[in-house]
Amino acid sequence: MSKFLLEKYKNMVAYIPGEQPKDRAYIKLNANETSMKPSPKVLEVLKSSRMNGLGHYADPDAKELRTAIAELNDVAMNQVFVGNGSDEVLGFLFLAYFNEQSKICYPDITYGFYQVFAKTFGINGKQIPLKEDFTVDVDAYVKTNRHVILANPNAPTGYYLPVSEIERIVVSNPNRLVVIDEAYIDYGNESCIPLTKKYDNLIVVHTMSKSKNLAGAHIGYCIASEKLIEDLNGIKYSFNPYSMNDITIAIGTAAIKDTAYYKKCIQEIINNREYTKCELERYGFTVLDSATNFIFVTHPNLHAREYNAKLREHGILARYFDSERIQNYLRITIGTRQEMEQVIMVTSLILEELVA
Ligand SMILES: *Cc1c(COP(=O)(O)O)cnc(C)c1O
């Protein structure tokens, strides 16, 4: 840290992203990305004559992408805000609405970035513990008057909260914001986007990094009432109007329109998830019921930390969180069938070694 860094940033605790090591070829199952290809339409756009125009700035309103997202979700374009990954969308939200007085809350076990943003921006953030069984304590959110941020389905547990439960939180106090981060909603769950027509204190955040096979392009968006979107565009225009470049606007639009392709990819991930869950259970693992593209697993005789290290020795990266309540759990992203068969094969070897 240099002597010039402002006092207010000295408390920052940076988010630790899933690592991207290049020392050998790994099966990467540590960041909920995918080795599946983006839609062929995306690849076509990248080879098209449009790319000759990169000498010009992109449309700062990203109208093309916002219109496609609006059509897909049956809302108006001015109810859509887009950003450089949902992390940036969340960043703008936190900047716009929360601080020391405008307090927020989120679960103790959830996406780590909420706490990181709170520290970075000097926000009063409170962790509300998940229940003993790792489900969200909805009543606690109904009771508090803090703004709420929830990942639904939650990470790294993989549990999904029905729309009616979210609505219970939203209606309980129209004077506070409820932000629902639906990064994993596409894996067979019902979105609460339709509720944004009824409630002007709800913001629903989506990413194209997971179910659209586009983590490398980093595109995120949120849907909310027109006034909230106007606020966010105001912040963006006062900070970085071109945070979406023309390449990402073009490929994001192509991806949003190719629902048929992604439907197939998502179904494949769900099938592979159920296959992996079933196989791991045969080997004695407990696998939480997942509504996402990852599973959260624990084993009575193999500590998660050791399981993680052994997988790594065999060229497989998973995600271990060294925090109190989940120390004996490992999060494994669901990849292709071939990748998951390798996980099962390697896991059986690790367990055999344990007995020997
Ligand atoms: C992956 C993830 C994000 C970040 O998505 P990006 O669009 O890649 O920034 C946000 N929230 C949750 C819950 C995630 O799992």
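You'll find the protein entered in an unreviewed UniProt entry as Histidinol-phosphate aminotransferase, with Anaeromicropila herbilytica given as the organism. Its UniProt record gives the protein a comment under Cofactor (unreviewed entry), which states: "pyridoxal 5'-phosphate". Its UniProt record gives the protein a comment under Subunit (unreviewed entry), which states: "Homodimer."

A separate point is the side chain of Asp181. With respect to the helices and strands, the residue Asp181 is situated in strand β6 (residues 178-181). In terms of polar contacts, Asp181 uses its side chain to reach the side chain of Tyr114, at 2.7 Å. Leaving out residues up to four positions away in the same chain, Asp181 has contacts with Leu90, Tyr111, Tyr114, Leu150, Ala151, Asn152 and Val205.

What follows is about the pairing of strand β13 (residues 330-333). Neither face of β13 is exposed, since Leu330 and Ile332 on one face and Arg331 and Thr333 on the opposite face are all buried. Sheet topology note: the strand β12 (residues 319-320)/β13 ladder contains two bridges and is antiparallel. Each bridged residue has a counterpart across the sheet, and for Arg319 the counterpart in β13 is Arg331.

An α-helix turns once per 3.6 residues; consequently, residues spaced three or four apart project the same way. Looking only at helix α4 (residues 113-121), the buried set comprises Phe113, Tyr114, Val116, Phe117, Ala118 and Thr120. Looking at the buried residues of α4, the elements they touch are α3 (85-97), β3 (104-107), β5 (147-151) and β6. Two residues or fewer after α4 comes Gly122, characterised by a positive phi angle close to 65 degrees.

For the rest of this paragraph, the subject is the pattern of salt bridges. Under the defined criterion, the tally for this structure stands at 20 salt bridges. In this structure, the salt-bridge partner of Lys277 is Glu281, at a minimum N-O distance of 2.9 Å. With Lys277 and Glu281 both in helix α9 (residues 259-282) and four residues apart, this pair spans about one turn of that helix. In the salt-bridge network here, residues are joined through shared partners; they are Asp59, Asp61, Lys63 and Arg66.

Taken together, Gly85, Ser86, Asp87, Tyr111, Asp181, Ala183, Tyr184, Thr207, Ser209, Lys210 and His218 are the residues near the ligand. Contact distances for the ligand include 2.6 Å between an oxygen atom and a backbone N or O atom of Ser86. A distance of 2.6 Å separates a nitrogen atom of the ligand from a polar atom in the side chain of Asp181. For the ligand, whose unbound accessible area comes to 390 Å², protein coverage reaches 92%. Broken down by element, the residue count for the shell around the ligand peaks at three residues, all from α3.

As a further point, take the sheet that holds strand β7 (residues 202-207). The strand order across the open sheet built from seven strands is β2-β8-β7-β6-β5-β3-β4, with neighbouring strands paired in mixed fashion. The outermost strands of the open sheet, each flanked by one partner alone, are β2 (80-83) and β4 (125-128). Strand-to-strand twist of the sheet, defined as the mean angle between neighbouring strand axes without regard to direction, takes the value 20 degrees. Taken together, the two bridges between β3 and β5 define a ladder with parallel strand orientation. Residue pairing for β5: Ile104 is matched across the bridge by His147.

Along the chain, the position of His206 falls in strand β7. Judged by its relative accessible area of 7%, His206 is buried. A polar side-chain atom of His206 sits 2.8 Å from a polar atom in the side chain of Glu182. Look past the residues within four positions of His206 in its chain and what remains in contact with it is Ser86, Glu182, Ile185, Ser191, Ile193, Gly220 and Tyr221.

The rules behind each value
Residues numbered from 1 in each chain as written. Predicted model: local features only at pLDDT ≥ 70, side-chain atom pairs only at ≥ 80, totals over all residues. Heavy atoms only, no water. UniProt positions renumbered as here; feature names shortened; annotations may be inferred. Helix = DSSP H or I, 4+ residues; strand = E, 2+ residues; numbered from the N terminus. Polar contact = N/O pair within 3.5 Å; in protein donor to acceptor, adjacent residues only side chain to side chain. Contact = heavy atoms within 4.5 Å. Buried < 20%, exposed > 50% of the residue type's maximum accessible area, 1.4 Å probe, protein only. Pairing = 2+ DSSP bridges. Salt bridge = Lys/Arg side-chain N within 4 Å of Asp/Glu carboxyl O. Near = heavy atom within 4 Å. Areas by Shrake-Rupley, 256 points an atom, 1.4 Å probe, with all protein chains shown as cover. Axes fitted to C-alpha atoms, helices over the stretch in contact; angles between N-to-C directions.

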